[in-house]
Amino acid sequence: MSENDYDIAIVGGGLGGLSLSILMVRQGWRVAIFEKETYPFHRVCGEYVSNESIELVRHLGIDLRDSPKIHRLAISSIKGRVLKAELPLGGFGISRFRLDHQLAQVAIAEGVDLHENCRVDQIRFIDEGEGRFELNSRKGATYSRLVVCAFGKKSNLDVKLDREFTRQKPKAENNYIGVKYHVRHPDFPPDLIELMNFKDGYCGMSMVEDGKYCLCYLTTAASLRKCGNSIRELENKVLKQNPFLAERLEYSERLFEDPLTIANINFLSKSVVEDHLLMVGDAAGSIAPLAGNGMSMSFHAAWLLHGLADKFLRGELKRAVLESTFTDIWTRKFRTRIIAGTRLQRLFGNTHLTELAIGTLKYLPFVTRQLIRLTHGKPFFTPNGP
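Not measured: the values here are computed from a predicted model.

Chemist: Got a minute to help me understand the environment of glutamate 247 in this structure?
Modeler: Along the chain, glutamate 247 turns up in helix H7 (residues 243–251). On the basis of relative accessibility, which here comes to 24%, the residue glutamate 247 falls in the partly exposed class. Between the alpha carbons of glutamate 247 and histidine 185 there is a distance of 10.0 Å; along the sequence they are 62 residues apart.

Encoded structure:
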């Protein structure tokens, strides 16, 4: 095998891609990852991870001893009505700046060829024999028996692959922008994740490492345009209508000179396999941020795929069986959660429905617990398990 030939190539060095690379290299396979950025770097993302993934994260080599434990949820309406609940599993807080960087360091130490600042421009399936892929990047041509796409919510490759969702024009009210800060706050509880609604959007806040908090919100591009495309004006005129959010914005020390932003976000349905490429994480389908569980889904998807990929590379599965099996498993594990998260997002993005829902759910704790469970999975990894 030449230096440009791999058993598996992974496009995108986020949680799903890095986790999968570590799991595969530990099984003895030659693995390459292509990441367009250079570690460490920030991502626009809520930074709460459900405990369904905690044992796998530790197994991957991440030290979580100073990560805050989060077990309470509070959801507030624009008028200040509050719904409080305990999170059945709970979770932990950690920034993507730290988590991705640590995973990248583990991957390199264990033998993954990690190519940073290296965008993949084209992927071609060569249908001869068992088939293999050719990837083109600034490093030239790279060849691999398997390719996994873990490049997040949007990529230049989505368009080049002519994926169906790229041909759909999202409605104006379903075209979102994300904005993120790291902040310090004098008295925000470290065990709480707070979701604060405002007109056409909502904001999440929870603690990460070193006494910092992630404050990240999602709203429509139309709402930003109404405020002259000014984030500051949007926050002053719209977000601060929620009294809790007004307090968080007013009394938080912002640690970024400018907020991180991402535009053209949508939650359209996506395929899990495309032209023999296997998708994980947001490339396969995004859970609405309101559900706060996309990071765990990425870890879980990597765990589900690594066993199937290992069998394929050993010749125990044909490519068609690998693709259909992964699609079936992914759908069973995540489709319901994505649908539930999307419906909850529509509910809490509507001012009147939010008031009604919070007012009703306060008296129906059982229903609240069921809604939380719909958007969260169960622990899927044990250190001494299969």
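Chemist: Please clarify how the nonpolar core should be interpreted in this entry.
Modeler: The nonpolar side chains of a soluble globular protein tend to be buried, and buried together. The biggest cluster of nonpolar side chains holds 77 residues, and the ones touching the most others in it are Leu103, Ile123, Leu135, Val147 and Phe299. Setting aside chain neighbours within four positions, we find leucine 135 in contact with Ala9, Val11, Phe34, Val120, Gln122, Ile123, Gly140, Ala141, Thr142, Ser144 and Val147. Counting 25 residues, the second-largest nonpolar core is a separate cluster that includes Ile177, Cys203, Leu215 and Ala221.

Chemist: Would you take a moment to explain the pairing of strand E12 (residues 201–207) for this structure?
Modeler: Where a strand is regular, its side chains alternate between the two sheet faces. Within E12, seven of the seven residues are buried, leaving the element largely enclosed by the surrounding structure. Of the two faces of E12, the one lined by Gly201, Cys203, Met205 and Met207 and the one lined by Tyr202, Gly204 and Ser206 are each fully buried. Bridge count between strand E11 (residues 192–198) and E12: five bridges; the pairing is antiparallel. Residue pairing in the sheet places glutamate 194 in a bridge with methionine 205 of E12. Between the end of E12 and the start of strand E13 (residues 213–220), which pair antiparallel, lie five residues, with aspartate 210 showing a positive phi angle near 60 degrees.

Chemist: Looking at this structure, I do not really get the pairing of strand E8 (residues 132–137). What am I missing?
Modeler: Sheet topology note: the strand E7 (residues 120–126)/E8 ladder contains six bridges and is antiparallel. Paired with isoleucine 123 across the strands is leucine 135, a residue of E8. With five bridges connecting them, E8 and strand E9 (residues 140–149) associate as antiparallel partners. Bridge pairing links leucine 135 to threonine 142 in E9. Hairpin connection of E8 to E9: two residues between the antiparallel strands.

Chemist: Even after reading the chapter, I still don't get H7, so can you show me in this structure?
Modeler: In an α-helix there are 3.6 residues to a turn, and that puts residues three or four apart on one side. Within the sequence span of H7, burial applies to Leu245, Ala246, Arg248 and Leu249. Seen along its axis, H7 keeps its buried residues to an arc of 165 degrees; they face one direction. A distance of 2.9 Å separates the backbone nitrogen of phenylalanine 244 from a side-chain oxygen at the start of H7, and that oxygen is part of asparagine 242.

Chemist: It is not clear to me how the pattern of salt bridges should be interpreted in this structure. Could you clarify?
Modeler: Pairing of side chains with opposite charge becomes possible as their charged atoms draw close. Tallying each qualifying case throughout the model produces 23 salt bridges. The partner of aspartate 200 in a salt bridge is lysine 199, and the shortest N-O contact between them spans 3.3 Å. When its relative accessible area of 26% is taken as the criterion, aspartate 200 is described as partly exposed. Take lysine 199: its relative accessible area is 40%, and that puts it in the partly exposed class. Between lysine 240 and glutamate 250 there is a salt bridge; the shortest N-O distance is 3.2 Å. Of the two residues, lysine 240 is situated in the loop between helix H6 (231–237) and H7 and glutamate 250 in helix H7; the sequence distance between them amounts to 10 residues. Bridged by salt links that share partners, the residues Glu35, Arg43, Arg96 and Asp100 form one connected network.

Chemist: Would you mind showing me how to read helix H3 (residues 96–109) here?
Modeler: Relative to the 20 Å expected for 14 residues at 1.5 Å per residue, H3 spans 19 Å between its end C-alpha atoms, a close match to the ideal helical length. When H3 is considered as a whole, its buried residues turn out to be Arg96, Leu99, Asp100, Leu103, Ala104, Val106 and Ala107. Each buried residue of H3 sits inside an arc of 160 degrees when the element is viewed along its axis, so together they form one side. Considering only its buried residues, H3 is in contact with helix H1 (15–26), strand E6 (113–115) and helix H8 (294–313). Positioned one or two residues after H3, glycine 111 has a phi angle of 110 degrees, which is positive.

Chemist: Please clarify how the environment of threonine 38 should be interpreted in this entry.
Modeler: Assignment of secondary structure puts threonine 38 in the loop between strand E2 (31–34) and strand E3 (48–50). For threonine 38, a relative accessible area of 45% puts it in the partly exposed group. Sequence separation of threonine 38 and valine 106 is 68 residues, and the distance between their C-alpha atoms is 15 Å. With residues near it in sequence (within four places) discarded, threonine 38 still touches Glu116 and Asn117.

Chemist: Help me understand the environment of leucine 83, please; the structure alone is not making it clear to me.
Modeler: Summarising the element assignment, leucine 83 is placed in strand E5 (residues 82–93). With 280 residues separating them along the chain, leucine 83 and tyrosine 363 place their C-alpha atoms 9.4 Å apart. Each residue touching leucine 83, except ones within four places of it in the same chain, is listed here: Leu73, Ala74, Ile75, Ile358, Leu361, Lys362 and Thr368.

Reading the values: rules and limits
- Residue positions within a chain follow its written sequence, with the count starting from 1.
- Selection of residues for local features in this predicted model requires a pLDDT of at least 70, selection of side-chain atom pairs for listing and counting requires 80 or more, and totals for whole chains, interfaces and linings are taken over all residues.
- In computing side-chain properties, one takes all heavy atoms of the structure into account and sets aside hydrogens as well as water.
- Helix and strand labels come from DSSP, where a helix needs a run of H or I of at least four residues and a strand needs a run of E of at least two; each type is numbered from the N terminus.
- Three labels apply to residues, based on accessible area from a 1.4 Å probe with only protein chains included: buried if under 20% of the type maximum, exposed if over 50%, partly exposed otherwise in between.
- Residues grouped as a nonpolar core are buried Ala, Val, Leu, Ile, Met, Phe, Trp, Tyr and Cys residues, joined through side-chain atoms within 4.5 Å.
- Contacts are assigned to residue pairs with any non-hydrogen atoms lying within 4.5 Å of each other.
- Strand pairing follows a simple DSSP-based rule, namely that at least 2 bridges must link the two strands.
- Taken from the helix axis, the directions to the C-beta atoms give the arc we talk about.
- Here a polar contact is taken to be a pair of N or O atoms separated by no more than 3.5 Å, where protein atoms must pair a possible hydrogen donor with a possible acceptor and residues adjacent in sequence count only if both atoms sit in side chains.
- The salt bridge criterion pairs a side-chain nitrogen of Lys or Arg with a carboxyl oxygen of Asp or Glu, the two atoms within 4 Å.
- A helix is expected to span 1.5 Å for every residue after the first.

Read these as spatial facts, not as claims about activity.
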